[in-house]
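Coordinate analysis (summary)
Residue-level listing of the chains:
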There are 2 protein chains.
Amino acid sequence: MVTWNNMDTLVSYQKLSTMKNRVNVVEAMSGESGADRATRYTTPMAEGLAFNYGAKEVDDTILEQLAALAEEAQLVDKFEALYNGERVNTGENRMVLHHLARRQLGNDVVENGVNKRDFYAGVQAKAAEFANKVHAGEITNAAGETFTTVVQIGIGGSDLGPRALYLALENWAKVNNTLKMEAKFISNVDPDDAAAVLNSIDVSRALFIVVSKSGTTLETLTNEAFVKDALTKAGLDPSKHMLAVTSETSPLAQGDDYLDAFFMDDYIGGRFSSSSAVGGVVLSLAFGPEVFADILNGAAEEDKLATNKDLLQNPDMLDALIGVYERNVQGYLDTAVLPYSQALHRFPAHLQQLDMESNGKRVNRFGEPVNYQTGPVIFGEPGTNGQHSFYQLLHQGTDIVPLQFVGFKNSQIGTDVVIEGTTSQQKLCANVAAQIVAFACGKEDENSNKEFKGGRPSSIIIGDKLTPRSLGALLAHFENKIMFQGFVWNINSFDQEGVQLGKVLAKRVLAHDTDGALKVYSDLLDI
Amino acid sequence: MVTWNNMDTLVSYQKLSTMKNRVNVVEAMSGESGADRATRYTTPMAEGLAFNYGAKEVDDTILEQLAALAEEAQLVDKFEALYNGERVNTGENRMVLHHLARRQLGNDVVENGVNKRDFYAGVQAKAAEFANKVHAGEITNAAGETFTTVVQIGIGGSDLGPRALYLALENWAKVNNTLKMEAKFISNVDPDDAAAVLNSIDVSRALFIVVSKSGTTLETLTNEAFVKDALTKAGLDPSKHMLAVTSETSPLAQGDDYLDAFFMDDYIGGRFSSSSAVGGVVLSLAFGPEVFADILNGAAEEDKLATNKDLLQNPDMLDALIGVYERNVQGYLDTAVLPYSQALHRFPAHLQQLDMESNGKRVNRFGEPVNYQTGPVIFGEPGTNGQHSFYQLLHQGTDIVPLQFVGFKNSQIGTDVVIEGTTSQQKLCANVAAQIVAFACGKEDENSNKEFKGGRPSSIIIGDKLTPRSLGALLAHFENKIMFQGFVWNINSFDQEGVQLGKVLAKRVLAHDTDGALKVYSDLLDI
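Please read all numbers here as calculations on a predicted model, not as lab measurements.

As for the overall build of chain A
Counting its regular elements, chain A contains 18 helices and 15 strands. The globule rule puts the C-alpha radius of gyration for 527 residues at 24 Å, and the 24 Å found for chain A is close to it. Oriented by its inertia axes, the alpha-carbon framework of chain A measures out at about 70 × 60 × 55 Å. Evaluated residue by residue, chain A yields a buried proportion of 67% over its 527 residues. Of the contacts formed within chain A by residues at least 6 apart in sequence, a portion of 74% connects residues at least 24 apart. Total accessible area computed for chain A in this model is approximately 16600 Å², and 45% of it derives from carbon and sulfur atoms. Averaging the locations of the 45 positively and 67 negatively charged side chains of chain A gives two centres separated by 0 Å.

Put into structure tokens, the structure is as follows:
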């Protein structure tokens, strides 16, 4: 039985909080000590990835204390409770089952006679069958032509995760001859978003997936109507071009508006839904069902590691706890995610939602305000691009921003050139190695403008190549990291009440039911 | 004559610093007070834009104190000194002349007999002439076919600004029949970046612009070689497909490797170079020279406003000083930039560089450490997308993040649908109006999980439509804002020594001249 307590009531945290500024990263990462830490402070992840935290502000003593915190906060027990179906999403009284969508770690979860594992597996199988028929030309447009493009219409979790995963594998799929259909995404209610996507494709050869769990998301329904309008104007029957991914009870699940519908339930939140039909339909259509299955398999392998009670063998929990130390003891607000992989250029945007929507909370799971900082602000761009941009502040600014690098030994496409004796891929990897040490150790200089204080902590996830399986492991790593942090902070990482007020006020603006400042801004914007 | 003093030595700042938490935004923005502030706290910008700061944590008293700070810090005088050619980039002993590239505000700037205004105008004219010849089919590939695609090869300032501007106007140009050539961008040394771009175009119909002021940027030279290799393999002569944008003394300016070369000088920094040949060549080719000229004209109009010593009539300086109050008195680290315009989806990435690379400094312009925080961390994504993502933390997280909204009354493409009585554009605008008030005023609730504390300050720039001219004004607004903040903080916003150490260490890695942690990470990454 797990108990839910605020972090600051835990003895292990109280002791941890006395360990501020214990590690001087400049000293720790210099010379033999640096080589030792870089070698020793690493934990294997799934699919050949490794989490290396040599350049973080921890030492064996802090790690022991983090292990004590993990134990006292019952982090693995809570994870077990979660995947075995305990309603840890207390605010909405819901289970949290995104792990089950990739593979069951524990017991069966049955509700109203439905085995949820079978439910998720069934939807995945249905998506696979549908995708195979489209690829085989058994499902075509009215003219009997194959569909060549798939367009996801969704926002937030129905957009950022699937989009990041698609972009991460698009070039890999081309090289491996498994890019079955090009995928596009429409999310913003800005009409220029939908118009631009529609202008860039042959709508007569396109399938559109409308993704909304509730079937009531304003942006998504508006964009659905936008697309239907365009299809009708092109002389096409929208119902022959559109699919729905929604809950069984949603308005979208009714009627004959869709070629087919794929169901989701209330137990997988939007930002965790890449593993459900939200990611499954579009990615199975784009890459084939086997590729999507591999993403899930990679994620499932990482999930298994997250059940390990030995902190140093649990990369997701370890990353989480180092983050808690940085946030609450060291007092850092931000974390930058810096993948040295152009294919991951939208992955930071997904992590930004995953983390900030999950843990950007000021009350605990019982609705009581907490007395400590919770989720960090997440931002990032791919390296080496960022090196020529915002890294200036990271190196020489007045505030310290912890860093999370990601790097792969091999490129996806494999085309490369040798310039001055090295390939582009070697230059890419050389740069991330160099940055870790530059941030950690800095450099003295008589000219203080050229001096680097160092002491900027970073970790790196190193992999062989970005593939469906390693991408799945990477995704699960961050999902689990964020989950563990939510457990430590004793908050509910699975609701998002903070998005509601804006919706309510926007409706009032559109109904011209405004006064005060809201009326002034409505007028200024000509609404 | 201007004098350069640290901010904390200024009497006006010392007084300002006593004004922490003076304004309760929840109260201020409620009821009649809110309507009054939303109406009154607005300053016209160029090209029909307006800067509205009703929801910021300021009142008339703070604004008076900010005006006193602007005067004591001689902000407008320093701007005048800058555009009249004073070497305000002290670290590199350089002038700062990006304003001159759009229009001279003051005196002629002459160096070694060269009138710099004429120099910049000459380069712009040369780019215009070249672009016109390409569009007219007078400059073609070896087979006599027109060029249809232009690819910019550059990184950092040679990439982010031009890319953001291109994407901001791509759909506008299509609608207005002035999209002359599609533009693509290669920046990352990750070989998958160049390979993916080359796979997506017909290289035989493409012009490539190599952009590097020094002619020594590792990523850019590598990607140039990558492209040349691909052209050669396709049986094409690279010198007939490549242009250079570089300084007159750079290696790229020599020899017969390029169809033509367009020069830049040392007085426009990379992140401010969109107004120079760095932006001018690619944007003139993509949209025609008149569109690029309109961007510069819009920027020049905004620059004029920045010369106004009346703080309340100088939107760039006002935005800057409110930011200083937030950063140094209120103690906020981050600022989120949130354009309600899909066309601006990469504009935050450009601002991230512009701001963080300019003002992420810990020593003043004389090389002495400062005792206050300098530049903020900048991040952002377009609304309404962000509302379904990281806004949760912004609304209900434990930390306050100041917000900068941007919104336009009209869309660019003009295609729209009416759903439930309103257009998508109206829904977009309703959402940004709603968010300002939601962030400011919050909402009480018995269920603390559904409670919004409010008190989250924001400003908004409102425009009629995103066009070349209003985009230019928007660009100049942020450039000038950041410049004024650098003046207040007494730092040099125009160098970037923080990017150097990583370059040096990366070279050592590639030369296998490593030890300690650097060697371990090099080995882990198989270099």
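Considerations on unusual backbone geometry
Residues and elements named next belong to chain A. Residue Thr384 follows Gly383 across a cis peptide bond; omega there is 10°. With respect to the element layout, Thr384 can be found in the loop between strand E11 (377-379) and helix H14 (391-396). Of note in the backbone geometry, Asn177 takes a positive phi value of approximately 55° without being a glycine.

A look at the interface of chain B and chain A
Of the residues lining the interface, 131 residues belong to chain B; the matching set on chain A comes to 131 residues. Where chain B abuts chain A, roughly 11200 Å² becomes buried across the two surfaces, and 63% of that area is made up of carbon and sulfur atoms. Summed over the three residues of chain B that lose the most area to chain A, namely His388, Tyr521 and Leu525 of chain B, the buried surface amounts to 7% of that side. Counting across the interface, chain B meets chain A through six salt bridges. The residue Arg346 of chain A makes a salt bridge to Glu381 of chain B at a minimum N-O spacing of 2.8 Å. Counting every contact that joins chain B to chain A gives 46 residue pairs in polar contact (both at pLDDT 80 or more). With 15 residues, the top contributor of residues to the side of chain B that touches chain A is helix H15 (residues 424-441) of chain B. Across the side of chain B that touches chain A, the residue classes tally to 54 nonpolar, 52 polar and 25 charged.

Looking at the confidence of the model for chain A
Looking at chain A, pLDDT values average 97 and 100% of them are 70 or higher. For this predicted complex, the interface confidence reaches an ipTM of 0.97, while the overall pTM sits at 0.97.

Brief notes about the relation of the copies chain B and chain A
The transform that puts chain B on chain A rotates by 180° and translates by 0.0 Å along the axis, for an RMSD of 0.0 Å. Expressed as an axis order, the relation between the two copies is that of a two-fold axis. In terms of C-alpha distance to the rotation axis, chain B has Phe379 of chain B as its closest residue, with the C-alpha 3.2 Å off the axis.

Focus: the side chain of Thr384 of chain B
Overall, the relative accessible area of 0% leaves Thr384 of chain B in the buried class. Among the polar contacts made by the side chain of Thr384 of chain B, one reaches the side chain of Glu219 of chain A at a distance of 3.0 Å. Ignoring sequence-local partners within four residues, the contact set of Thr384 of chain B consists of Ile155, Asn188, Val189 and Glu219 of chain A together with Tyr340, Leu428 and Asn431 of chain B.

Notes on the state of the cysteines
All names here are of chain A. The tally for this structure, following the rule as stated, stands at zero disulfides over all chains. Cysteine Cys441 is unpaired, with the sulfur of Cys429 as its nearest cysteine sulfur at 20 Å. In this structure Cys441 comes out as buried when scored by relative accessible area, which is 16%.

Brief notes about the packing of aromatic side chains
Residues and elements named next belong to chain A. Counted by the stated rule, this structure contains 34 aromatic pairs over all chains. Arranged with centres 5.3 Å apart and planes meeting at 10°, the rings of Tyr166 and Phe287 form a pair that is stacked. Of this pair, Tyr166 sits in helix H7 (residues 160-175) while Phe287 sits in helix H10 (residues 277-287), and the two are 121 residues apart along the sequence. For Tyr166, a relative accessible area of 1% corresponds to the buried category.

Structural notes on the nonpolar core
By size, the foremost hydrophobic cluster in this structure holds 314 residues, and its most contacted members are Leu285 of chain A together with Leu285 of chain B. Setting aside its immediate chain neighbours within four residues, Leu285 of chain A contacts Phe130, Ala131, Val134, His135, Val150, Lys180, Met181, Leu207, Ile209 and Leu243 of chain A.

A look at the packing of helix H5 (residues 75-83) of chain B against helix H16 (residues 468-489) of chain B
All names here are of chain B. At a minimum axis separation of 10 Å, H5 and H16 run at an interaxial angle of 115°. One way to sum up the angle between H5 and H16 is to call them roughly perpendicular. Judged by the sense of rotation from one axis to the other, the crossing of H5 with H16 is right-handed. Along the contact surface, H5 presents Leu75, Val76, Lys78, Phe79 and Leu82, while H16 presents Asn480, Met483, Phe484, Phe487 and Val488. Here the contact of H5 with H16 is composed, by residue class, of eight nonpolar, one polar and one charged.

Digging into the sheet that holds strand E7 (residues 206-211) of chain B
Residue and element names in this part refer to chain B. Here we have five strands laid out as an open sheet, ordered E6-E5-E7-E8-E9, and parallel in their pairing. Of all strands in the sheet, those bounded by a partner on one side alone are strand E6 (182-186) and strand E9 (260-264). Between one strand and the next, the sheet's axes are offset by a mean angle of 20°, whatever the strand orientation. As paired strands, E7 and strand E8 (residues 242-247) are joined by four bridges and run parallel to one another. Within E8, the residue paired with Phe208 across the bridge is Met242. The strands touched by helix H7 (residues 160-175) within the sheet are strand E5 (149-153) and E6, with E6 carrying the most contacts at an inclination of about 150°. Its contacts with the sheet place helix H8 (residues 191-199) against E5, E6 and E7, and it is angled at close to 160° to E6.

A look at the sheet that holds strand E5 (residues 149-153) of chain A
Residues and elements named next belong to chain A. In space, the five strands of this open sheet follow the order E6-E5-E7-E8-E9, with parallel pairing throughout. Every other strand in the sheet has two partners, leaving strand E6 (182-186) and strand E9 (260-264) as the edge strands with one partner each. Averaged over all adjacent pairs, the angle separating strand axes in this sheet is 20°, with direction ignored. Across five bridges, the pairing between E5 and strand E7 (residues 206-211) is parallel. Following the sheet pairing, Val151 is matched in E7 by Phe208.

Points about helix H9 (residues 218-233) of chain B
Given a rise of 1.5 Å per residue, 16 residues ought to cover 22 Å, and the 23 Å separating the end C-alpha atoms of H9 of chain B matches this to within 8%. Taken together, the buried positions of H9 of chain B are Glu219, Thr220, Thr222, Asn223, Glu224, Ala225, Phe226, Val227 and Leu231 of chain B.

What about the pairing of E8 of chain B?
Residue and element names in this part refer to chain B. Counting buried positions along E8 gives six out of six residues, so the element sits mostly inside the fold. Summarising the sheet, E8 and E9 pair through five bridges and their orientation is parallel. Directly across from Thr246, in E9, lies its bridge partner Phe263.

Considerations on the environment of Asn480 of chain A
All names here are of chain A. Position of Asn480 among the secondary structure elements: in helix H16 (residues 468-489). Between the alpha carbons of Asn480 and Tyr521 there is a distance of 41 Å; along the sequence they are 41 residues apart. Setting aside residues up to four positions removed in sequence, Asn480 forms contacts with Phe79, His99, Arg102, Glu302, Asp303, Ala306 and Asp316.

So, the environment of Val11 of chain A
Residue and element names in this part refer to chain A. Residue placement: Val11 occurs in helix H1 (residues 11-16). Assessed through its relative accessible area of 55%, Val11 is described here as exposed. Separated by 273 residues in sequence, Val11 and Ser284 have C-alpha atoms that sit 48 Å apart.

Let's talk about the pattern of salt bridges
Scanning all chains against the criterion turns up 64 salt bridges over all chains. Linked by salt bridges that have partners in common, Asp36, Arg40 and Asp60 of chain A make up one network.

Details of the side chain of Lys56 of chain B
Considering the arrangement of structural elements, one finds Lys56 of chain B in the loop between strand E2 (50-52) and helix H4 (60-72). By relative accessible area, Lys56 of chain B is classed as buried at 2%.

A word on the packing of helix H6 (residues 116-135) of chain A against helix H11 (residues 289-305) of chain A
Residue and element names in this part refer to chain A. Running from N to C, H6 and H11 point in directions that differ by 150°, and their axes come no closer than 9 Å. By the angle between their directions, the pair H6 and H11 is classed as roughly antiparallel. When H6 is examined against H11, the residues Gln124, Ala128, Ala131 and Asn132 are found in contact with a partner set consisting of Pro289, Phe292, Ala293 and Leu296.

Re the environment of Gln353 of chain B
With respect to the element layout, Gln353 of chain B can be found in helix H13 (residues 347-359). The class of Gln353 of chain B is buried, set by a relative accessible area of 1%. Setting aside anything within four residues of it in sequence, one finds Gln353 of chain B in contact with His388 and Ser389 of chain A together with Gly156, Gly157, Leu160, Arg271 and Ser358 of chain B. Here the side chain of Gln353 of chain B touches His388 of chain A through a polar contact of 2.8 Å, landing on its backbone oxygen.

Each value, and the rule that gives it
- Residues numbered from 1 in each chain as written.
- Chains lettered and ligands numbered in written order.
- Predicted model: local features only at pLDDT ≥ 70, side-chain atom pairs only at ≥ 80, totals over all residues.
- Heavy atoms only, no water.
- Helix = DSSP H or I, 4+ residues; strand = E, 2+ residues; numbered from the N terminus.
- Rg over C-alpha atoms; globule rule 2.2 N^0.38 Å.
- Buried < 20%, exposed > 50% of the residue type's maximum accessible area, 1.4 Å probe, protein only.
- Contact = heavy atoms within 4.5 Å.
- Areas by Shrake-Rupley, 256 points an atom, 1.4 Å probe, with all protein chains shown as cover.
- Lys, Arg positive; Asp, Glu negative; His and termini not counted.
- Charge placed at Lys NZ, Arg CZ, Asp CG, Glu CD.
- Buried area = accessible area lost by both parts, 1.4 Å probe.
- Salt bridge = Lys/Arg side-chain N within 4 Å of Asp/Glu carboxyl O.
- Polar contact = N/O pair within 3.5 Å; in protein donor to acceptor, adjacent residues only side chain to side chain.
- Nonpolar A, V, L, I, M, F, W, Y, C, P; charged D, E, K, R; others polar.
- pLDDT = per-residue confidence, 0-100.
- Least-squares fit on C-alpha atoms with pLDDT ≥ 70 in both.
- Disulfide = S-S within 2.5 Å.
- Phe/Tyr/Trp six-rings, centres within 6.5 Å; stacked < 30°, edge-to-face > 60°.
- Core = buried A, V, L, I, M, F, W, Y, C linked by side-chain atoms within 4.5 Å.
- Axes fitted to C-alpha atoms, helices over the stretch in contact; angles between N-to-C directions.
- Parallel < 35°, antiparallel > 145°, perpendicular 65-115°, else oblique.
- Left-handed = near helix turned anticlockwise from the far one by under 90°.
- Pairing = 2+ DSSP bridges.
- Expected span 1.5 Å × (residues − 1).

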